[in-house]
Amino acid sequence: MEHEDRRREPGVGMKPARITRREAGLTLVELIVAFTIMMALSAMAVPLVRGQLRRRREQELRIALDQVRKAIDKYKDAADQGKISPTAQTPESMGYPLKLQDLVDGVKGVGPTADVKVKFLRRVPRDPMTNSKDWGTRSMQDDPHSGGGGTQNVFDIFTRSSDKAADGTPYADW
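Being a predicted model, the structure only gives us computed values, none of them experimental. (Residues numbered from 1 in each chain as written. Predicted model: local features only at pLDDT ≥ 70, side-chain atom pairs only at ≥ 80, totals over all residues. Heavy atoms only, no water.)

S.K.: Just checking my understanding: could you explain the packing of aromatic side chains for this structure?
M.R.: Ring pairs (aromatic) are described by centroid distance and by the angle formed between their planes. Overall, the coordinates contain 3 aromatic pairs when judged by the stated rule. Plain terms: the ring middles of tyrosine 171 and tryptophan 174 are 5.0 Å apart, the flat faces sit at 75 degrees to each other, and that makes the pair edge-to-face. (Phe/Tyr/Trp six-rings, centres within 6.5 Å; stacked < 30°, edge-to-face > 60°.)

S.K.: I tried to follow the nonpolar core on my own but got confused; where do I start?
M.R.: Generally speaking, nonpolar side chains in soluble globular proteins are found buried as a group. In this structure, Ile84, Leu100, Leu103, Phe120, Trp135 and Ile157 are the most contacted members of the largest nonpolar core, which totals 25 residues. Elements with a contribution of two residues or more to this core: α2 (28-80) and α3 (102-105). For this core, the element with the highest residue contribution is α2, accounting for 9 residues. Contacts of phenylalanine 120, omitting those with residues within four sequence positions, involve Ala71, Lys74, Tyr75, Ala78, Ile84, Leu103 and Val107. (Core = buried A, V, L, I, M, F, W, Y, C linked by side-chain atoms within 4.5 Å. Buried < 20%, exposed > 50% of the residue type's maximum accessible area, 1.4 Å probe, protein only. Helix = DSSP H or I, 4+ residues; strand = E, 2+ residues; numbered from the N terminus. Contact = heavy atoms within 4.5 Å.)

S.K.: What is the right way to look at unusual backbone geometry in this model?
M.R.: Trans peptide bonds make up the majority, and among non-glycine residues the majority have a negative phi. One non-glycine residue, methionine 94, adopts positive backbone phi at about 55 degrees. With respect to the secondary-structure elements, methionine 94 resides in the loop between α2 and α3. Residue classification places methionine 94 among the partly exposed positions, given a relative accessible area of 40%.

S.K.: Looking at this structure, how should I read the environment of alanine 114?
M.R.: Secondary-structure assignment places alanine 114 in the loop between β1 (107-108) and β2 (117-118). A relative accessible area of 31% places alanine 114 in the partly exposed class. Sequence-distant contacts of alanine 114, defined by excluding residues within four places in its chain, comprise Lys108 and Gly109.

S.K.: Please clarify how the pattern of salt bridges should be interpreted in this entry.
M.R.: Once their charged atoms are close, side chains differing in charge can pair, the charge on each being opposite to the other. Inspection of the entire model under this criterion finds 9 salt bridges. Glutamate 60 is paired through a salt bridge with arginine 56; the nearest N and O atoms lie 3.7 Å apart. Separated by 4 residues within a single helix, glutamate 60 and arginine 56 lie in helix α2, roughly one turn from each other. Of the residues examined, glutamate 60 reaches a relative accessible area of 30% and is grouped as partly exposed. Assessed through its relative accessible area of 46%, arginine 56 is described here as partly exposed. Of the charged contacts in the structure, one is a salt bridge between arginine 126 and glutamate 60, with a shortest N-O distance of 3.4 Å. In this pair, arginine 126 sits in the loop between β2 and β3 (136-138) while glutamate 60 sits in helix α2, placing the two residues 66 residues apart along the sequence. A single network of salt bridges, built from pairs that share partners, joins Arg56, Glu60 and Arg126. (Salt bridge = Lys/Arg side-chain N within 4 Å of Asp/Glu carboxyl O.)

Don't take any of this as a statement about function, it's just geometry.
Listed below in structure tokens is the structure:
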């Protein structure tokens, strides 16, 4: 009778359940198909991410160019109105800053602001295309289509990047 009780206890004397082929895991074909789908999705995502990064850098470039150009215009307006000391200018400067850094460092004012440096820009922004603060500058005397390099004054700035926008326009022409 003891012998019969053993047979009736669960798990005693029973064969282990067989693992079917379907439960064993993924087949090689299933792994290849899944990997191929993941690669296709990744290949589609990479250009989207690159495009977003490029658009963000272009937006940063527009903002930086706008900030500096407005500061140059404010400097020119102040010079034309006689609010900047004549010692901060040369005849060749034509009312524009001599260096880009002059917008940050400031120049002496005249009259009640003679003791104070008049500043037009907090800092020279970073060029997002070259990732540096080294901007190309054009002077008033330069040809508008030249690569800049005039040392008489700072009339305009441009990026030194040789890359082009999506429409084919060089960033240096922005």
